Amino acid sequence: MFINEKYNLSSTRRNPWIYISVIVLIFIFIGFAVTLMPKAFKMTHEQIGTGLPALVFIYDPNLVVSISQTEQMNKARDQLGVQVLFLIAKIRTPEGDQFIAEYQASPAELLLFDPSGRLIKRQFALRNSSELTEWITVDGL
């Protein structure tokens, strides 16, 4: 018994640098994870027709294609920067349902608007980032 007590006492006395190191590593990991998260898309549509082409995706959280399409939109947005508006119309939200009704859109559909706000193209997902970039630059700019 005496030997076990000795080991228990020494095991509770750890170097404080181990705790500090673990905490620092956790913060570094969280910071890295946050930088890898995709940027959010605006779900308001009043920017359509303000001088930039706009790509609107009809987002349905129940469809797997919605997640894949938004990932591809993020990649296209990284390539095109601020030249294009990337927007979401989420079903079962007031703004999304109003937009969907106005344009008679369907879930998982992509709608491309020219800089003046005129709907010029629509297509169903899934489109990869290079297809989106080409689609936008050829038809939208």
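Q: Break down the pairing of strand β3 (residues 109–113) for me, with residues and values.
A: Most of β3 sits inside the fold, with 5 of its 5 residues counted as buried. Both faces of β3 are covered, namely the face carrying Glu109, Leu111 and Phe113 and the face carrying Leu110 and Leu112. In terms of strand pairing, strand β1 (residues 54–59) meets β3 through 4 bridges, oriented antiparallel. In the strand pairing of β3, Leu55 is matched with Leu112. Looking at chain direction, β3 and strand β4 (residues 119–124) are connected through 5 bridges and run antiparallel. Bridging across to β4, Leu110 finds its partner in Gln123.

Q: Go over the environment of Asn62, please, and point to the residues and values.
A: One can find Asn62 in the loop between β1 and α3 (64–80). Taking the relative accessible area as the measure of exposure, Asn62 reaches 57% and is therefore exposed. The spacing of Asn62 and Ile91 is 29 residues in sequence and 9.9 Å in space, taken between C-alpha atoms.

Q: Help me get a handle on the sheet that holds β3, residues and values and all.
A: Reading across from one edge, β2-β1-β3-β4 is the order of the 4 strands in this open sheet, with mixed pairing throughout. A strand with exactly one partner marks an edge of an open sheet, and here the two such strands are β2 (85–90) and β4. Here the strands of the sheet are splayed against their neighbours by 20 degrees on average, with no regard to which way each runs. Strand direction decides the pairing type here: β1 and β2, joined by 6 bridges, are parallel. Paired with Ile58 across the bridge in β2 is Ala89. Sitting on the sheet, α3 is in contact with β1, β2 and β3, with an inclination near 165 degrees to β1. Contacts from helix α4 (residues 94–103) reach β1, β2, β3 and β4 within the one sheet, and its direction differs from that of β2 by about 100 degrees.

Q: Now, about the environment of Asp97: what can you tell me, with residues and values included?
A: Mapped onto the elements of the fold, Asp97 is located in helix α4. When the C-alpha atoms of Asp97 and Ile58 are compared, they prove to be 9.6 Å apart, with 39 residues separating the residues in sequence. Look past the residues within four positions of Asp97 in its chain and what remains in contact with it is Lys90, Ile91 and Arg92. Of the polar contacts made by the side chain of Asp97, one reaches the backbone nitrogen of Arg92; its length is 2.9 Å.

Rules and cut-offs
Residues numbered from 1 in each chain as written. Predicted model: local features only at pLDDT ≥ 70, side-chain atom pairs only at ≥ 80, totals over all residues. Heavy atoms only, no water. Buried < 20%, exposed > 50% of the residue type's maximum accessible area, 1.4 Å probe, protein only. Helix = DSSP H or I, 4+ residues; strand = E, 2+ residues; numbered from the N terminus. Pairing = 2+ DSSP bridges. Axes fitted to C-alpha atoms, helices over the stretch in contact; angles between N-to-C directions. Contact = heavy atoms within 4.5 Å. Polar contact = N/O pair within 3.5 Å; in protein donor to acceptor, adjacent residues only side chain to side chain.

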